[in-house]
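Chain by chain, the residues run as shown.
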Amino acid sequence: MEREDFKLRQSKYYESRQARKARSRRLIQKGALLEKYFQADNLSVEQTEELLKIFANYVNAHKLNKFKDDQPNN
């Protein structure tokens, strides 16, 4: 019984570790795109947030349907 419990905990740990790695990779890729297209590599985190706040309402209001949350990820 303890062995099965250990294997279950190990499996959950592995899954959560993989999910964290995938999220980290995605955040790094998106950050790189932000720097590339907004030429934001010289901006601080606070300045980048200010820049994004300027455009957030416009972008969210004009987002194409394929980029909205209620669409399935393909």
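Structure shown above.
Residues numbered from 1 in each chain as written. Predicted model: local features only at pLDDT ≥ 70, side-chain atom pairs only at ≥ 80, totals over all residues. Heavy atoms only, no water.

> Hey, could you run me through helix 1 (residues 2-38) in this one?
Each α-helix winds once per 3.6 residues, and so residues spaced three or four apart point in a common direction. The end-to-end C-alpha distance of helix 1, which contains 37 residues, comes to 53 Å, matching closely the 54 Å that a straight helix rising 1.5 Å per residue would cover. Note on helix 1: the residue one or two positions beyond its end, Gln-39, has a positive phi of about 45°. (Helix = DSSP H or I, 4+ residues; strand = E, 2+ residues; numbered from the N terminus. Expected span 1.5 Å × (residues − 1).)

> Before we go on, may I ask you to explain the pattern of salt bridges in this structure?
Two side chains with opposite charge may pair up if their charged atoms get near one another. One pass over the structure, following the stated rule, counts 2 salt bridges. The salt bridge involving Arg-9 is made with Asp-5; its shortest N-O contact spans 3.6 Å. With Arg-9 and Asp-5 both in helix 1 and 4 residues apart, this pair spans about one turn of that helix. Take Asp-5: its relative accessible area is 40%, and that puts it in the partly exposed class. (Salt bridge = Lys/Arg side-chain N within 4 Å of Asp/Glu carboxyl O. Buried < 20%, exposed > 50% of the residue type's maximum accessible area, 1.4 Å probe, protein only.)

> Explain the layout of surface pockets to me, please; I cannot follow it from the model alone.
Once rolled over the atoms, a probe with the size of a water molecule shows which space is left empty. Each pocket or cavity is described by its volume, and for the largest pocket that value is around 390 Å³. In terms of lining, the largest pocket is formed by Lys-30, Leu-33, Leu-34, Tyr-37, Phe-38, Leu-52, Phe-55, Ala-56, Val-59, Asn-60 and Lys-63. Those elements giving two or more residues to the lining of the largest pocket turn out to be helix 1 and helix 2 (45-61). For the lining of the largest pocket, the per-class residue count stands at 8 nonpolar, 1 polar and 2 charged. (1 Å grid on protein atoms, 1.4 Å probe; cavity = no way out; pocket = protein on both sides within 12 Å on 5 of 7 lines; lining within 4 Å. Points joined across faces, edges and corners; volume = space filled by probe spheres on them. Nonpolar A, V, L, I, M, F, W, Y, C, P; charged D, E, K, R; others polar.)

> So what exactly am I meant to see when it comes to a nonpolar patch on the surface here?
Taken together, Leu-33, Tyr-37, Phe-38, Leu-52, Ile-54, Phe-55, Tyr-58 and Val-59 make up a surface patch of nonpolar side chains, about 850 Å² in accessible area. Contributions of two or more residues to the nonpolar patch are made by helix 1 and helix 2. Element by element, the count of residues in the nonpolar patch is highest for helix 2, at 5 residues. By secondary structure assignment, the location of Leu-33 is in helix 1. On the accessibility criterion, Leu-33 (46% relative accessible area) is partly exposed. (Patch = residues over 30% accessible without salt bridge, like charges linked within 9 Å, V, L, I, M, F, W, Y side chains within 5 Å. Areas by Shrake-Rupley, 256 points an atom, 1.4 Å probe, with all protein chains shown as cover.)

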